[in-house]
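One letter stands for each residue in the lines below.
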Amino acid sequence: MVNETIPEEQVAVPENADPSKRRKRPRRQKDPTILHGHRVVTGPELRATFAEIPGPESHPGWFSRRLLHAIVLALLVGLVGAGLVGAWAVMNGVIRFPSAVASQAPAAVCPATVFDYTPNNKINVNVYNAAGKAGLAKSVADQLKARGYNVGTVDNSTTSYTGPAVVVSGSSGQAAAFNIQKNIAGTDYVQDQRTDGSVDLILAPGFSALVPPELVDNTPGKLSCPRLEQRIADNAKLPVMPTP
């Protein structure tokens, strides 16, 4: 509201004039917009001052944005709900994931060929000590030499396999590997990519001794891979290769 004070008009009157003979000036017509010297704000002016400001819904893209926000919010709520339900199902055994041991498959299949017992003097074998026992590789190598084997490399190695020993060869050395397995009970065969007929004998922590010569079974048979699944469960590497 705007206040406008209008000063009253002063009329000079002689001091000795007769009050009854003083001239009376005609009254001016009152301005309806002035009240007690203040300007009155009219209705149209008031309505113009407090005119309604357009809301966001008057914008052309307001509805589409609100719809998009609602969809995104619904998706987020759905994802959170699905995550909570899934976590509950896993914790209560409703959903089960296969274990690493069950999901892993053997890297190779044990050969099914039946082999004859190859003479000891036709076999080239390398001996590696992965059992952590000092001098074990040399001791076993000397025993194999005494039985007529051709012993090549004698060295230390490492393995996470915990059985007696691992016998490693290529496809052309499987008959020789069969012979070695007959001389050490409980060994596990693993095939690698070598092309010659040599055999690696890796002595593991479970090794105790060679089979006595008089007790070696020289009848035909198959290669033995009894610890193929156990080696996976023990988290050992396949194939178990020597690391000089």
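Scroll up a little and you will see the structure.
Residues numbered from 1 in each chain as written. Predicted model: local features only at pLDDT ≥ 70, side-chain atom pairs only at ≥ 80, totals over all residues. Heavy atoms only, no water.

A.B. asks: If you had to explain the sheet that holds strand E4 (residues 124–129) to someone new, which residues and values would you point to?
C.D. replies: Pairing within the open sheet is mixed, and its 5 strands lie in the order E5-E4-E8-E6-E7. A single partner strand is all that each edge strand has here, and the edge strands are strand E5 (150–156) and strand E7 (188–191). Taking each pair of neighbouring strands and ignoring which way they run, the sheet shows an average axis angle of 20 degrees. Two strands pair when backbone bridges link them, and E4 and strand E8 (residues 199–203) are joined in this way by 5 bridges, in the parallel orientation. Note on E8: the bridge partner recorded for asparagine 129 is leucine 203. (Pairing = 2+ DSSP bridges. Helix = DSSP H or I, 4+ residues; strand = E, 2+ residues; numbered from the N terminus. Axes fitted to C-alpha atoms, helices over the stretch in contact; angles between N-to-C directions.)

A.B. asks: Which residues make up the pattern of salt bridges, and what values do they have?
C.D. replies: In the structure shown here, the tally under the stated rule is 4 salt bridges. Across the pair lysine 138 and aspartate 142 runs a salt bridge, and its minimum N-O distance is 3.1 Å. Linking lysine 138 with aspartate 142, this pair stays in helix H4 (residues 136–146), spanning 4 residues, or about one helical turn. For lysine 138, a relative accessible area of 55% translates into the label exposed. A relative accessible area of 36% places aspartate 142 in the partly exposed class. (Salt bridge = Lys/Arg side-chain N within 4 Å of Asp/Glu carboxyl O. Buried < 20%, exposed > 50% of the residue type's maximum accessible area, 1.4 Å probe, protein only.)

A.B. asks: Before we move on, can you summarise the pairing of E8 with the specific residues and values?
C.D. replies: Burial analysis of E8 places 5 of its 5 residues in the buried class, which makes it a mostly covered element. Residues Val199, Leu201 and Leu203 point to one face of E8 and Asp200 and Ile202 to the other, with burial holding for every one of them.

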